[in-house]
Amino acid sequence: MVGQLDASEWRYFAKGNANVLLQNKSDSRKLLRLRQYKPSDYQSTIDIYRYINSIIAVILKDFVVPMELLELSPTFSNGISNLLKTENRNCDIETQEKYGILMDNCLSGVIQTFSTGKFAKLHISNDSVTLELKPKWLDPTITTLYCRNCANEKHYEKSSSRNFCSSRLLSKDKSVVLGTVRDIFRSLQAKIDTSLYEKILFQYFVSASEDQNILQLLSVFQNQNDNRKLIKTLESEKDVTDDLLLGMALRDVTIFFKFIELDDKSSNSKHVRGNEFILGQNRLLIKVVDIDNKSAKKWKYWKDTECELLDSKEFDELDLSWGPGCVL
Ligand SMILES: O=P(O)(O)O[C@@H]1[C@@H](OP(=O)(O)O)[C@H](OP(=O)(O)O)[C@H](O)[C@H](OP(=O)(O)O)[C@H]1OP(=O)(O)O
Ligand SMILES: Nc1ncnc2c1ncn2[C@@H]1O[C@H](COP(=O)(O)OP(=O)(O)OP(=O)(O)O)[C@@H](O)[C@H]1O
């Protein structure tokens, strides 16, 4: 594929902390994901691609968005780097990187987006609606008043009050799940009627079995061997276990829930198959992105954050201006 990619065929689409996404001008359904320039702590595309295929895909199966490794030429990489500079995108790609990842665009055809925070967004297309969710730390047994996400948000004052608490979507109590689904949609302040999407998502969370429910799956593998406990005891990157690396990777993923109306108006089926949930004439398609392996070099940042949160009163001191506790 080297020499075939042409920088003028791609436009800027999005960026995160570590990657830049480009959209193909002639096929908007395709995105190219390129690593950003980071002087330290660099994870190469091939390492990420191998990790996703050998570890993540075994766990998340069909939920993983399809990906393909593409070889980059220096001419292409320099062209993209210049594009980002010309457009003042405030980021650059690592031009020494040999590969990029070609993947399906889960937001192809989006014409409007509603959001009030970074952990949930609602994207509207002509033929579908997509909820983008970053659930972060999923805790199946919250033993403190506030969960890790809420304690973190409160402490670093990222938000002034709780929008939603994603761990509550794991609750066995259906009314807690329903209330949380409503919290998510309320937080979006979408100027459309979202009641149908709330109903479908709620039905998915309460009907899917543990290995079919994306949040349950993430939660199980985030918390293997109680790996969160290890964080506060870390003394060097050698102490970082594979379970912890997997847990941290899965604590930072993004999920797309795409709601599609089916043509079959007579269907009253309700079932889960792979990454899709059918409810009557509605289809919910679920895809996970941003499942990069984490570097063990981040151990100090993880430990400092965890210790600072534990030393603070954020887990247990009632703060009604933030919201009530997170009990499941
Ligand atoms: O530390 P956290 O929990 O704030 O998570 C970081 C994310 O912040 P967020 O919680 O989404 O505001 C952060 O996301 P943003 O860039 O803030 O959108 C990154 O995902 C970061 O991972 P990496 O350094 O790019 O591998 C994430 O770092 P890791 O903790 O996953 O290493
Ligand atoms: N396959 C996809 N389809 C549509 N949009 C995507 C896709 N993958 C990522 N995005 C969007 O692009 C944004 C940035 O991508 P990504 O999360 O891969 O970057 P990142 O640098 O790893 O982010 P982070 O800062 O969370 O580590 C995502 O938050 C999401 O909104």
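- As recorded by an unreviewed UniProt entry, the protein carries the name Inositol-pentakisphosphate 2-kinase and is attributed to Saccharomycopsis crataegensis.
- The UniProt entry for the protein carries this comment under Catalytic activity (unreviewed entry): "1D-myo-inositol 1,3,4,5,6-pentakisphosphate + ATP = 1D-myo-inositol hexakisphosphate + ADP + H(+)".
- Note on the protein: under the UniProt heading Sequence similarities (unreviewed entry), the record states "Belongs to the IPK1 type 1 family."

**Description of the sheet that holds strand β3 (residues 30-35)**
Reasoning step 1: With respect to topology, five strands assemble into an open sheet ordered β1-β2-β3-β5-β4, the strand pairing being antiparallel. Across the chains shown, the open sheet's two edge strands, defined by having one partner strand only, are β1 (10-15) and β4 (67-71). Neighbouring strand axes in the sheet, compared pairwise and without regard to direction, differ in orientation by 30 degrees on average.
Reasoning step 2: The sheet strands contacting helix α2 (residues 74-86) are β1, β2 (19-24) and β3, and the helix crosses β1 at an angle near 65 degrees.

**Brief notes about the site of ligand 1**
Reasoning step 1: With respect to spatial proximity, twelve residues lie near ligand 1, and among them Lys 118, Lys 136, Asp 252, Lys 298 and Tyr 301 are the closest.
Reasoning step 2: At 3.1 Å, a side-chain N or O of Asn 17 approaches an oxygen atom of ligand 1.
Reasoning step 3: When ligand 1 is considered free in solution it has 610 Å² of accessible area, and contact with the protein chains removes 76% of it.
Reasoning step 4: Tallied by class, residues from the shell around ligand 1 come to four nonpolar, one polar and seven charged.

**What about the site of ligand 2?**
Reasoning step 1: In the vicinity of ligand 2 lie 21 residues, with Asn 17, Ala 18, Asn 19, Cys 106 and Glu 132 positioned nearest.
Reasoning step 2: At a separation of 2.9 Å, an oxygen atom of ligand 2 approaches a polar side-chain atom of Arg 33.
Reasoning step 3: Summarising the interface, the protein chains cover 88% of the accessible area of ligand 2, which totals 620 Å² for the free molecule.
Reasoning step 4: Among the elements of the structure, β1, β2, β3 and β5 (99-104) are those that each provide at least two residues to the shell around ligand 2.
Reasoning step 5: A total of three residues in the shell around ligand 2 trace back to one element, the largest contributor, which is β1.
Reasoning step 6: Taken together, the residues of the shell around ligand 2 break down into ten nonpolar, four polar and seven charged.
Reasoning step 7: Looking at which domains feed residues into the shell around ligand 2, each of domain 1 (7-104) and domain 2 (110-311) supplies at least three.

**Focus on the state of the cysteines**
Reasoning step 1: Considering all chains together, one arrives at zero disulfides under this definition.
Reasoning step 2: Cys 147 carries a free sulfur, and the closest cysteine sulfur to it, the one in Cys 165, is 3.6 Å from it.
Reasoning step 3: Since its relative accessible area comes to 1%, Cys 147 is described here as buried.

Quick notes on the rules
- Residues numbered from 1 in each chain as written.
- Chains lettered and ligands numbered in written order.
- Predicted model: local features only at pLDDT ≥ 70, side-chain atom pairs only at ≥ 80, totals over all residues.
- Heavy atoms only, no water.
- UniProt positions renumbered as here; feature names shortened; annotations may be inferred.
- Pairing = 2+ DSSP bridges.
- Helix = DSSP H or I, 4+ residues; strand = E, 2+ residues; numbered from the N terminus.
- Axes fitted to C-alpha atoms, helices over the stretch in contact; angles between N-to-C directions.
- Contact = heavy atoms within 4.5 Å.
- Near = heavy atom within 4 Å.
- Polar contact = N/O pair within 3.5 Å; in protein donor to acceptor, adjacent residues only side chain to side chain.
- Areas by Shrake-Rupley, 256 points an atom, 1.4 Å probe, with all protein chains shown as cover.
- Nonpolar A, V, L, I, M, F, W, Y, C, P; charged D, E, K, R; others polar.
- Domains from an automatic or database assignment.
- Disulfide = S-S within 2.5 Å.
- Buried < 20%, exposed > 50% of the residue type's maximum accessible area, 1.4 Å probe, protein only.

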